[in-house]
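If you want the building blocks of each chain, they are given just below.
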Amino acid sequence: MVIVAYDDAQILDVACPSGALEIANRHGAAPGYSVELATLSGEEARSSSGITLGGARPLPTVHGSIDTVMVVGGVGSWAATQDERLLAQVRRLAARSRRIASVCTGAFVLAAAGLVDDRRVTTHWRYGEWLARWYPSVAVDPAPLYVRDGDVYTSAGITSALDLTLALIEDDNGPTIARAVARELVTYLHRPGDQAQISMFLSAPPPGDRLVRDLLGYLSAHLAEDLSTSVLAARAGVSTRHLNRLFSTHLGTTPARAVRAARTEAAAHLVRGSELPLATIARRCGFRSAETMRQAFLDHYGVTGDRIRRMSDMPEPLAPSGAHTSGS
């Protein structure tokens, strides 16, 4: 794998894939992964955190067949999209590679190089709109953690590079080695690619709207209760029409959909982290039945509860959070 970096790249975009592949080698990946960091000149790249990335190889000296070329993201990606010499090298490497990949805003570099025209890609949720606007020939889906379209793999922000790399390891070596890597990294194996980048509990409404914020905190702590729009409106002391308008303005959704998302996220947390029967989890989280919960998983994550449980690598039970956080 050749990881393409540049000044002001995000250091985690380099560390997540390279670290995971090194661990895969120790667990018997065959053939083993050989990872090289490459910059345009071969000089050190200064990461956005100020730490320099040394040991880079000049991109023009990379020859022969390449399994994977991965372009990292970071605040320096904007300048990278304007560097025609870098783009030419990325195009050259892509032509020699079995697959190409990007992390975070590295998708902009792939798009500027003309490598993802008419492809479905993702990037960090904050920049999806810009990617779609600047490169209209690219099919941008800003929601998933990572996307595979043929031999092109793109991932969302920063640590989703780990989810993408675990998926690559599983594609190459099967689930046993991928699970061993996830276990050593103390992470899930692996979050579904279509899982939303942002939990509703991390995308808080503006601090000034206390009513919506308080209602989210209430519903997250009372998932098994009646959380119909009329009940929530009565609790907030407003009309259902006004409540719908508030949720639309501050969350971009309806109260009913927000409740369903909260129940689905909490249920997925229990499915991953406990051995409770699915029917029990469904009741605890306010679903009418296990089948209703199953449909919610399919709509929200694109997989069933059974699949989420099989991907889980966390042996200790976890309980869903009872409090809404104000942002992270």
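Quick notes on the rules
Residues numbered from 1 in each chain as written. Predicted model: local features only at pLDDT ≥ 70, side-chain atom pairs only at ≥ 80, totals over all residues. Heavy atoms only, no water. Salt bridge = Lys/Arg side-chain N within 4 Å of Asp/Glu carboxyl O. Buried < 20%, exposed > 50% of the residue type's maximum accessible area, 1.4 Å probe, protein only. Helix = DSSP H or I, 4+ residues; strand = E, 2+ residues; numbered from the N terminus. Pairing = 2+ DSSP bridges. Right-handed = clockwise from strand over helix to strand, strands pointing away. Contact = heavy atoms within 4.5 Å. Axes fitted to C-alpha atoms, helices over the stretch in contact; angles between N-to-C directions. Core = buried A, V, L, I, M, F, W, Y, C linked by side-chain atoms within 4.5 Å. Arc of directions from axis to C-beta. Phe/Tyr/Trp six-rings, centres within 6.5 Å; stacked < 30°, edge-to-face > 60°. Lys NZ or Arg CZ within 6 Å of the ring centre and 35° of its normal.

1. Some thoughts on the pattern of salt bridges
Item 1. Under the criterion given, the structure shown has 16 salt bridges.
Item 2. As a salt-bridge pair, aspartate 83 and arginine 85 come within 3.8 Å of each other at their nearest N and O atoms.
Item 3. For arginine 85, a relative accessible area of 60% puts it in the exposed group.
Item 4. With its nearest N and O atoms 2.7 Å apart, the salt bridge here joins aspartate 172 to arginine 99. Of the two residues, aspartate 172 sits in helix α6 (residues 160-173) while arginine 99 sits in strand β7 (residues 97-103), which places them 73 residues apart along the sequence.
Item 5. Through salt bridges that share partners, Asp67, Arg98, Arg99 and Asp172 make up one connected network.

2. So, the environment of threonine 280
Item 1. Looking at where threonine 280 falls in the secondary structure, it is placed in helix α12 (residues 278-284).
Item 2. Linking threonine 280 and alanine 290, residues 10 residues apart in sequence, is a C-alpha distance of 8.1 Å.

3. Some remarks on the pairing of strand β2 (residues 36-39)
Item 1. Relative to β2, strand β1 (residues 2-4) runs parallel, the two being bridged by three bridges. Across the sheet, residue isoleucine 3 finds its bridge partner in β2, namely leucine 37.
Item 2. Assessed by its sense of winding, the connection that carries the chain from β1 through helix α1 (residues 11-26) to β2 is right-handed.
Item 3. Sheet topology note: the β2/strand β5 (residues 57-58) ladder contains two bridges and is parallel. Bridge pairing in β5 places threonine 39 opposite proline 58.

4. Digging into the sheet that holds β7
Item 1. Strand order in the open sheet formed by seven strands is β5-β2-β1-β6-β7-β11-β10, with mixed pairing between adjacent strands. Strands with a single pairing partner mark the edges of an open sheet, and in this sheet they are β5 and β10 (146-149).
Item 2. Packed onto the sheet, α1 meets β1, β2, β6 (66-71) and β7 and runs at close to 170 degrees relative to β1.

5. As for the nonpolar core
Item 1. The biggest cluster of nonpolar side chains holds 63 residues, and the ones touching the most others in it are Val4, Val90, Leu93, Ile169 and Val181.
Item 2. If one sorts the elements of this core by residue count, α6 sits on top with seven residues.
Item 3. The contact partners of leucine 93, leaving out residues within four places of it in the chain, are Val2, Val4, Leu59, Val62, Ile66 and Val69.
Item 4. Leu227, Leu246, Val271 and Tyr301 belong to the second-largest nonpolar core, a separate cluster that totals 29 residues.

6. Some remarks on helix α9 (residues 229-236)
Item 1. Along α9, the residues classified as buried are Thr229, Leu232 and Ala233. The buried side chains of α9 occupy one side of the element, clustering within an arc of 100 degrees when seen end-on. Facing away from the buried side of α9 by more than 90 degrees, the exposed set consists of Ala234 and Arg235.
Item 2. Following α9 by one or two positions, glycine 237 has its phi on the positive side, about 75 degrees.

7. Description of the packing of aromatic side chains
Item 1. Under the counting rule described, the total for this entry stands at six aromatic pairs.
Item 2. Ring geometry for tryptophan 78 against phenylalanine 108: centres 4.9 Å apart, planes inclined by 85 degrees, an arrangement best described as edge-to-face. Residue tryptophan 78 is located in helix α2 (residues 77-80), and its partner phenylalanine 108 is located in helix α4 (residues 106-112); the two are separated by 30 residues in the primary sequence.
Item 3. When the centroid spacing of 6.4 Å and the interplanar angle of 75 degrees are considered together, the rings of phenylalanine 108 and tyrosine 135 count as edge-to-face. Taken together, the residues phenylalanine 108 in helix α4 and tyrosine 135 in the loop between α5 (128-134) and β9 (139-140) connect sequence positions 27 residues apart. For the pair phenylalanine 108 and tyrosine 135, one class covers both residues: buried.
Item 4. Among the aromatic residues, ring-to-ring pairing joins Trp78, Phe108, Tyr127, Trp130, Trp134 and Tyr135 into one connected group.
Item 5. The ring of tryptophan 130 is capped by arginine 133, whose NZ or CZ atom sits 4.7 Å from the centre of that ring.
Item 6. Taking the ring centre of tyrosine 218 as reference, the NZ or CZ of arginine 235 above it sits at 3.7 Å.

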